[in-house]
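Inside the fold
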Amino acid sequence: MILIGGDRFIEHQPPAGHPERPARAEVMAAVARRWVEAGGALTPPRAASRGELVRVHRPAYVDRIADTAGRRLRLDPDTYTSDTSYEVALLAAGAVVASVEATLEQGAPAMALVRPPGHHAEADRAMGFCLFNSVAVAAAAARAAGIERVAVIDYDVHHGNGTQWMFYDDPAVLYVSLHQYPFYPGTGAVDDVGRAEGLGRTLNVPLEAGAGDADYDRAMRGLVVPVVTAFAPDLILLSAGFDAHARDPLGGMRVSTGGYDAMTDHVHRLAARCCRGRLAAVTEGGYDLTALEACLDSTLARLSAGPPAPSAVITGDTSRADRVIPAVRQALAPYWPELR
Ligand SMILES: [Zn+2]
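Below you will find a few notes about this structure. (Residues numbered from 1 in each chain as written. Predicted model: local features only at pLDDT ≥ 70, side-chain atom pairs only at ≥ 80, totals over all residues.)

Concerning the overall build of the protein chain
The test is simple: For the purposes of this entry, the term helix denotes a DSSP run of H or I that reaches at least four residues, the term strand denotes a run of E that reaches at least two, and both are numbered from the N terminus. It is over C-alpha atoms that the radius of gyration is taken, and the globule rule equals 2.2 Å times the number of residues to the power 0.38. Exposure classes come from backbone-placed C-beta atoms, where a residue is buried if 20 or more other C-beta atoms lie within 10 Å of its own, exposed if 12 or fewer do, and partly exposed in between. Here, residues touch in the contact sense if the C-beta positions derived from the backbone fall within 7 Å of one another.
If you tally the helices and strands in the protein chain, you get 10 helices and 10 strands. Its C-alpha radius of gyration of 18 Å places the protein chain within 12% of the 20 Å reference for a compact globule of 340 residues. With respect to the principal axes defined by its C-alpha atoms, the protein chain has extents near 55 × 45 × 40 Å. Counting the 340 residues in the protein chain, one finds 56% classified as buried. Residue pairs at least 24 apart in sequence account for 77% of intrachain contacts in the protein chain once pairs closer than 6 positions are excluded.

Structure, rendered in structure tokens:
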């Protein structure tokens, strides 16, 4: 397990009271400190290059964000910059690219502890606390390095509209999202399944508010695991947002720390089975500091554990999963015989 993180992520400072606050970086730093004290290595992030960013962002957009250096600006109703936000966002995207390079080289999982998050950032638009779409920049970097198929699994409570649109017609990148719906940002319906060559390469699992561990476990087993296995990726990226946690002030889900661990376990097992352990995880949302810290600790423990063994089905209320799974199956069945 390779961990990438550093102290500079605290420097991105939205206005006081904003949920995506510097204290989140303090939590990440504390988790990394414990990791190092326990004998783990911590790799500092590097900045993403302009060439890496423009694979998924418009050049004029990258220039616009570069122009925010030294300025406090509001880019959309909830996305702000402070003096060094541009530099910090470059480090966030670069850290995820570095985690991809590390997992490809070493065949062990890697994780980047970064902020601001990235999955709402579109090709030419900052939104939802996100400046650059770090996971998308990293997926594109992997493709540029010759990796044929990349799966991005996103269990943040919000749909990753930016990631979806950037690869919507790309058959080489499978985007899978489990999210609260209807909810911000409004995208991620069952029938968003990709376009043109990318048909079937977007899998959305829109869950009603209130979904819990057993719902997510059922959706992972019934939809995500079979489709990702059939896609046979050479690399898996995990958009690890922890705002579906029951404690989260923004999300309306009831996932526990153990429920998140079970999802990470599914992803870890997929990586071991499909792509020789090549898995890079990146933090996205997660706004309750206690839940964030517990989930980060358990994710690191999970990804640094040995070869994953089959896990037990989580029992409990699955009514919300059961209401959406047939519709998702129907939408994706034309492209995935596994779902018929
Ligand atoms: Zn989120």
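As for the packing of helix H7 (residues 213-231) against helix H10 (residues 319-332)
Applied cut-off: Lines are fitted to the C-alpha atoms to define the axes, a helix being fitted only along its stretch in contact, and any angle between axes, read from their N-to-C directions, falls within 0 to 180 degrees. By the definition adopted for this analysis, an angle is roughly parallel if under 35 degrees, roughly antiparallel if over 145, roughly perpendicular if from 65 to 115, and oblique otherwise. A crossing counts as left-handed when the near helix is turned anticlockwise from the far one by less than a right angle, and as right-handed when that turn is clockwise. Only Asp, Glu, Lys and Arg are considered charged, only Ala, Val, Leu, Ile, Met, Phe, Trp, Tyr, Cys and Pro nonpolar, and every remaining residue, Gly among them, polar.
Contact geometry for H7 and H10: axes closest at 9 Å, N-to-C directions at 15 degrees. In this view, H7 runs roughly parallel relative to H10, as classed from their interaxial angle. The crossing of H7 and H10 is right-handed. The segment H7 lies against H10, with Asp215, Arg218, Ala219, Gly222, Leu223 and Val227 engaging Arg320, Ala321, Ile325, Val328 and Leu332. Partitioned by chemical class, the residues of the contact of H7 with H10 number seven nonpolar, one polar and three charged.

Description of helix H5 (residues 134-144)
Taken across its 11 residues, H5 has nine buried, putting it largely inside the fold. Listed in full, the buried residues belonging to H5 are Ser134, Val135, Ala136, Val137, Ala138, Ala139, Ala140, Ala141 and Ala142. Gly146 lies just past H5 and shows a positive phi near 100 degrees.

Let's talk about unusual backbone geometry
Going from Arg115 to Pro116, the amide bond is cis rather than trans, its omega being 0 degrees. Non-glycine residue Phe129 carries a positive phi angle of around 75 degrees. Counting through the fold element by element, Phe129 comes out in the loop between strand S5 (110-112) and H5.

So, the sheet that holds S5
Using the following cut-off: By the convention used here, strands pair only if DSSP detects at least 2 bridges between them.
Taken together, the eight strands give an open sheet; going across it, the order is S2-S1-S5-S10-S9-S6-S7-S8, and neighbouring strands pair in parallel fashion. The two strands at the open ends of the sheet, each matched to only one other strand, are strand S2 (42-43) and strand S8 (202-207). The pairing of strand S6 (residues 150-154) with strand S7 (residues 173-180) spans five bridges and is classified as parallel. Across the sheet, Ile153 pairs through a bridge with Val176, a residue of S7. Packing against the sheet, helix H9 (residues 289-304) makes contact with strand S1 (2-4), S5, strand S9 (235-240) and strand S10 (279-283), and its axis sits at approximately 160 degrees to S5.

Remarks on the environment of Thr202
If you trace the backbone, Thr202 turns up in strand S8. In the structure, Thr202 is positioned 117 residues away from Ser85 in sequence and 31 Å away in space, judged by C-alpha atoms. Leaving out residues up to four positions away in the same chain, Thr202 has contacts with Gln164, Tyr168, Tyr175, Asp192, Val193 and Gly194.

Side note on the pairing of S8
A regular strand places its side chains so that they alternate between the two faces of the sheet. Burial runs high along S8: six of the six residues are buried. Of the two faces of S8, the one lined by Thr202, Asn204 and Pro206 and the one lined by Leu203, Val205 and Leu207 are each fully buried. Here S7 pairs with S8 via six bridges, running parallel. Bridge pairing links Val176 to Leu203 in S8.

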